[in-house]
Every structure is written in structure tokens, then in C-alpha cells.
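# Reading the structure
This is what each chain is made of:
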Amino acid sequence: MAKHIDVVGAVIVRDGLVLAARRGPAMSMAGLWEFPGGKIEAGETKQESLAREISEELGVAIEVGEHIVTTSYEYGFGTVNLSTYYCALDDSTPVAREHAELRWVEPRQLLSLEWAPADVEAVNLVVSRFG
């Protein structure tokens, strides 16, 4: 039976731009873009997990807002169930602690990046809303 991994992703929007994170060389799917986030730990809600992951990965605090979509994608290592949420960031600046690059992107330009497969549906929904 395939392993199921529940993860969360943050669609951080500020000043009309969306934060995209490029996976680092030591990560699986290196070089692909994703919405930052990570695995849900035991006892956490999705929103609590997302706030914790963003604090750890980017060194900033977010306010988790509206749920965008939950997708499932079957990778070679297992099935990833990704729940994405719109998130608000204060005036602090995210720092790439785990990712190779962070980039603020206009919504319609999100389609020009090569995304991790589990993120593609959320990308399309963000573009249709803001692009």
C-alpha cells in the first residue's frame, strides 16, 4: 500500500504578488517550484501546521486564511495530499532557510515556472482568481 503524506502549503499574497519557493538541490524534486509549507505533525490542525512550517522555513509569521484546494498526487515515494491556503504576511521579509530561492511573482507569471505536480491545481486557481 502506498504511503500517504498529508502536507500544507501557503499561498502568501502581498502587494499583488505571490511568493513562490524553489526546491533546493538536497530536496526531492530539486529545482521545481512550490508553495512553501510542509508535513502536518500529530495533534496539529492544518492551520497550526502551516503557521509552524512557515515560521521554520521562512522565519516569518503568517495569518492562515481561506482554504484554496486539497489535491492528491501520486509520486514514486507515496501519495501526497496537499491542502493549500491563502495566507497573509506582516511586514517582515521571508528568508530561504530550506529553499534554493524565493521569488515574488505576479499571478499570471506563476504559469511560467515549473511547479511540483501537487501544486499545479492551486497555481491554476490562484491565476484564475488574481491573474
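In case you missed it, the structure is sitting above this.
A short tour of the structure in this document, coming up. (Residues numbered from 1 in each chain as written. Predicted model: local features only at pLDDT ≥ 70, side-chain atom pairs only at ≥ 80, totals over all residues. Heavy atoms only, no water.)

## Re the overall build of the chain
- The helix and strand tally for the chain stands at two helices and seven strands.
- Secondary structure elements in the chain, listed N-terminal to C-terminal, are β-β-β-β-α-β-β-β-α.
- For a compact globule of 131 residues, the expected C-alpha radius of gyration is about 14 Å, and the chain comes in at 14 Å, within 12% of that figure.
- Here the chain holds 131 residues, and 44% of them are scored as buried.
- Long-range pairs, those at least 24 residues apart, make up 65% of the contacts in the chain with a sequence separation of at least 6. (Helix = DSSP H or I, 4+ residues; strand = E, 2+ residues; numbered from the N terminus. Rg over C-alpha atoms; globule rule 2.2 N^0.38 Å. Buried < 20%, exposed > 50% of the residue type's maximum accessible area, 1.4 Å probe, protein only. Contact = heavy atoms within 4.5 Å.)

## A closer look at the pattern of salt bridges
- Evaluated as defined, the whole model comprises eight salt bridges.
- Notably, a salt bridge pairs Arg52 with Glu44, separated by 2.5 Å at the nearest N-O pair.
- Arg129 is paired through a salt bridge with Glu66; the nearest N and O atoms lie 2.9 Å apart. Taken together, the positions of Arg129 in helix H2 (residues 120–130) and Glu66 in strand S5 (residues 62–75) put the pair 63 residues apart, joining distant regions of the chain. (Salt bridge = Lys/Arg side-chain N within 4 Å of Asp/Glu carboxyl O.)

## A short note on H2
- Within H2, burial applies to Ala122, Val123, Val126 and Val127. Angularly, the buried residues of H2 cover 135 degrees about the axis, an arc narrow enough to put them on a single face.
- Those residues of H2 hidden inside the fold are in contact with strand S1 (4–14), strand S2 (17–22), S5 and strand S6 (78–89). (Arc of directions from axis to C-beta.)

## Quick notes on the nonpolar core
- Counting residues in hydrophobic clusters, the biggest one holds 16 residues, and the most contacted among them are Val11, Phe35, Leu110, Trp115 and Val126.
- Of all elements in the fold, only S2, S5 and H2 reach the threshold of two or more residues within this core.
- Sorting elements by how many residues they give to this core places H2 first, with four residues.
- Val8, Ala10, Tyr85 and Leu89 belong to the second-largest nonpolar core, a separate cluster that totals 12 residues. (Core = buried A, V, L, I, M, F, W, Y, C linked by side-chain atoms within 4.5 Å.)

## Focus on the environment of His4
- On the secondary structure map, His4 appears in strand S1.
- Residues His4 and Asn81 lie 77 residues apart in sequence; the distance between their C-alpha atoms is 7.2 Å.
- Residue contacts for His4: discarding those within four places in its chain leaves Thr79 and Asn81.

## Topic: unusual backbone geometry
- A positive phi angle, close to 55 degrees, is found at Asp15, a residue other than glycine.
- Residue classification places Asp15 among the exposed residues on the basis of a relative accessible area of 75%.
- In this model, Met29 sits at a positive phi of 55 degrees, which is unusual for a non-glycine residue.
- Residue placement: Met29 occurs in the loop between S2 and strand S3 (33–34).

## With respect to the side chain of Asn81
- Positionally, Asn81 belongs in strand S6.
- Within the local environment of Asn81, its side chain forms a polar contact with the side chain of Ser72, the two groups lying 2.5 Å apart.
- Setting aside its immediate chain neighbours within four residues, Asn81 contacts His4, Ile5, Asp6, Val7, Thr71 and Ser72. (Polar contact = N/O pair within 3.5 Å; in protein donor to acceptor, adjacent residues only side chain to side chain.)

Take it as geometry only, folks, not as evidence of what the structure does.
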